[in-house]
Amino acid sequence: MSPRQLTMMGLGSAIGAGLFIGSGAGIQAAGPAVLISYLVAGTLIIIVMWALGEMAAANPNSGAFSVYTGKALGPVAGATIGWLWWAQLVVVIAAEALGAAGLLATVFPMLPVWLMALIFMGFFTAVNLTGVRNFGEFEFWFALLKVAAIVAFLLVGAALLLGWIPNASSPGLSHFAIDSGFAPNGMAGIATGLFVVAFAFGGTEIVSVAAAETRDPERSVGRAVRTVVWRIMVFYVGSIFVIAAVIPWNSPELKSPFAGVLDMAGLPGAATVITLVAVVALLSALNANLYGASRMIFSLAERQEAPRALKALTGARVPALAVAASVAFGFIATVLELLFPDHVLPLLLNFVGSTCLVVWGSALVSQIILRRRADAAGTRLPLRMAGFPWLSGFGVLLLAATFAVGLAGADSRTQLLSTFALVAVIAGGSWLRRRSLANQPAGPARG
């Protein structure tokens, strides 16, 4: 994979349906003050990305944060993080296939949702089986399309706010006035928005997984981290600023916020265009998540934490069985969701909804431990996180505050407790597996 593909993958995995469709939920919770939530969560993900970048540049591995956690906290912790992330991705793969098919059906009602979902998963399975270069090229163009859509949106939004669009009234910055509902739900709304926003940034960690299959990872990872973090902040904060300035926080148009802004600008066909962009966003995330899931379970197999057959490679050096195992769950979950609508996927997503926060926490703690070990041993690191250990510690505090906010809310508390239960089950299973392997009699000596 080339450096440009790695950079665009980081952007593409973070800029998904959470921005194009879900950003309205954060504004409804906090009003325009959700910008504070985005700045806090954005600061956290920047710190996490720098921590992951430092470790990935020093040790590019397809197991990424799972391997780093294993080195820092022990093999059971490493396997737990790996399986937890894999479980999240395979569930999300099904959700993204169904979501993209459902959105496409709103534009072309004659297309069956179930058939389109299966076609999407089948197509991207084939893409992932052809080799990392083809996967990276697909992801590059998908991400480029999303970035172009956001840049165009920001230009239209700026023109609308400045009153440069004929026959379209500009609200200016009136929605940001304190007495006009800047923070209609106070600090509680900003806190709720923080938890919502944290999930929107999920996916950026896939850069550390892809580093193992990138040319010159020492330079590529550093470049990708620097590029991804500032562009995410510009695109996310810029888009939310425009949406919050144009659409009132209690408007029903926040169900599709980008389309709402474009409609107010008087652009015909805006809703259809943004729906198609959202479809591309979901398919891009599906493509990246299938790649990430297959590489993670491949790494687990290499470490004897998953069936050995999953580490087999094709002539193109693709872990074909790992790809098949990752997408198989998506096919099963999709069929079950179609048989029992609105029951299967919501239940599964509830268990893995907070996974990204656990992964980020493991990355920060691992970086602190591994960096101290490297400094004590005098080991040269190709990429060093600035401000250590204070910046890493600040990231841990921000993450702890996010967990506290989540536990204070009823819906988010259920997600967190479900994820904690899943972590406990996986950790227990990993410990039992390692104990079983350790108790097996050694094979006959070879002479």
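The structure displayed is predicted, hence computed values, not measured ones. Within each chain, residues carry numbers counting from 1 in the order of the written sequence. The predicted nature of this model means local features are confined to residues of pLDDT at least 70 and side-chain atom pairs, given and counted, to a pLDDT of 80 or more, with totals for whole chains, interfaces and linings taken over all residues. Processing note: side-chain calculations cover all non-hydrogen atoms of the structure and skip hydrogens and water entirely.

**Digging into the packing of aromatic side chains**
Pairing of aromatic side chains here covers Phe, Tyr and the six-membered ring of Trp, requires ring centres within 6.5 Å, and sorts the geometry by plane angle: under 30 degrees stacked, over 60 edge-to-face, intermediate tilted. Taken as a whole, this structure holds ten aromatic pairs when the rule is applied. A centroid spacing of 5.0 Å and a plane angle of 80 degrees characterise the contact between Phe123 and Phe124, whose relative ring orientation is edge-to-face. A relative accessible area of 41% means that Phe123 is categorised as partly exposed. With a centroid separation of 6.0 Å and 35 degrees between ring planes, the pair formed by Phe403 and Phe420 is classed as tilted. You can see Phe403 sitting in helix α17 (residues 390-408) and its partner Phe420 sitting in helix α18 (residues 410-439), a full 17 residues away along the chain. When a residue's accessible area, from a 1.4 Å probe over protein chains only, is under 20% of the maximum for its type it is buried; when over 50% it is exposed; and in between it is partly exposed. We count a stretch as a helix when DSSP gives it H or I for four or more residues in a row; a strand needs E for two or more, and each element gets its number in order from the N terminus.

**Quick notes on the nonpolar core**
If you look at the biggest cluster of nonpolar residues, it comprises 145 residues, and the most contacted ones within it are Phe20, Phe65, Phe201, Leu357 and Trp360. The element that contributes the greatest number of residues to this core is helix α13 (residues 270-302), accounting for 19 residues. Residue contacts are defined here by distance: any two heavy atoms, one from each residue, within 4.5 Å place the two residues in contact. Aside from chain neighbours lying at most four places away, what touches Leu357 is Phe195, Ala198, Phe199, Leu399, Thr402, Phe403 and Leu416. Buried Ala, Val, Leu, Ile, Met, Phe, Trp, Tyr and Cys residues that are joined via side-chain atoms within 4.5 Å together make up what is termed a nonpolar core.

**A short note on the confidence of the model for the chain**
When pLDDT is averaged across the chain, the result is 85; 96% of the residues are at 70 or more. Confidence per residue, as judged by the predictor, is encoded in pLDDT with a range of 0 to 100. Mean pLDDT values for the elements of the chain range from 71 in helix α2 (residues 17-20) up to 96 in helix α5 (residues 65-73).

**Examining the packing of helix α8 (residues 132-161) against helix α11 (residues 217-246)**
For helices, the axis comes from a line fit to the C-alpha atoms of the stretch in contact; other axes are also lines fit to C-alpha atoms, and the angle between any two N-to-C directions lies between 0 and 180 degrees. One way to put it is that α8 packs onto α11 with a least axis distance of 10 Å and a crossing angle of 40 degrees. Taken as a pair, α8 and α11 cross one another with a handedness that is left-handed. Across the interface between the two elements, Val147, Ile150, Val151, Phe153, Leu154, Gly157, Leu160 and Leu161 from α8 touch Phe235, Gly238, Ser239, Phe241, Val242, Ile243, Ala245 and Val246 from α11. Here a crossing is taken to be left-handed if its near helix is turned anticlockwise relative to the far helix by less than a right angle, and right-handed if that turn runs clockwise.

**Thoughts on the pattern of salt bridges**
Side chains that differ in charge, positive against negative, can pair when their charged atoms come close. Salt bridge, as used here: a side-chain nitrogen of Lys or Arg that lies within 4 Å of a carboxyl oxygen of Asp or Glu. If you walk through the whole model with that rule in mind, you get five salt bridges. Linking Asp375 and Arg371 is a salt bridge whose minimum nitrogen-to-oxygen distance equals 3.2 Å. With Asp375 and Arg371 both in helix α16 (residues 355-377), this residue pair falls four residues apart, about one helical turn.

**Some details on unusual backbone geometry**
Looking along the chain, the bond that leaves Phe388 and enters Pro389 is cis, with omega of 0 degrees. Here Pro389 lies in the loop between α16 and α17. Non-glycine residue Ala64 carries a positive phi angle of around 40 degrees. Even without a glycine there, the phi angle at Asn167 is positive, about 65 degrees.

**Some details on empty space enclosed by the protein**
As defined here, a cavity is a set of points on a 1 Å grid over the protein atoms alone where a 1.4 Å probe fits but cannot get out. A pocket is an open set with protein on both sides within 12 Å along at least five of seven lines, and residues line them when an atom is within 4 Å of a point. Grid points are joined across faces, edges and corners, and a volume is the space filled by probe spheres set on the points. Under the counting rule described, the total for this entry stands at one cavity of 30 Å³ or more. Of the volumes computed, that of the largest cavity is approximately 30 Å³. Looking at the largest cavity, the residues that line it are Met49, Leu52, Gly53, Val207, Ser208, Val221 and Val225. Put simply, the parts of the chain that give the lining of the largest cavity at least two residues each are α4 (34-58), α10 (206-210) and α11. Considering each element in turn, the lining of the largest cavity owes the most residues, three residues, to α4. A per-class count over the lining of the largest cavity returns five nonpolar, two polar and no charged. Throughout, the ten residues Ala, Val, Leu, Ile, Met, Phe, Trp, Tyr, Cys and Pro are labelled nonpolar, Asp, Glu, Lys and Arg are labelled charged, and all others, Gly among them, are labelled polar.

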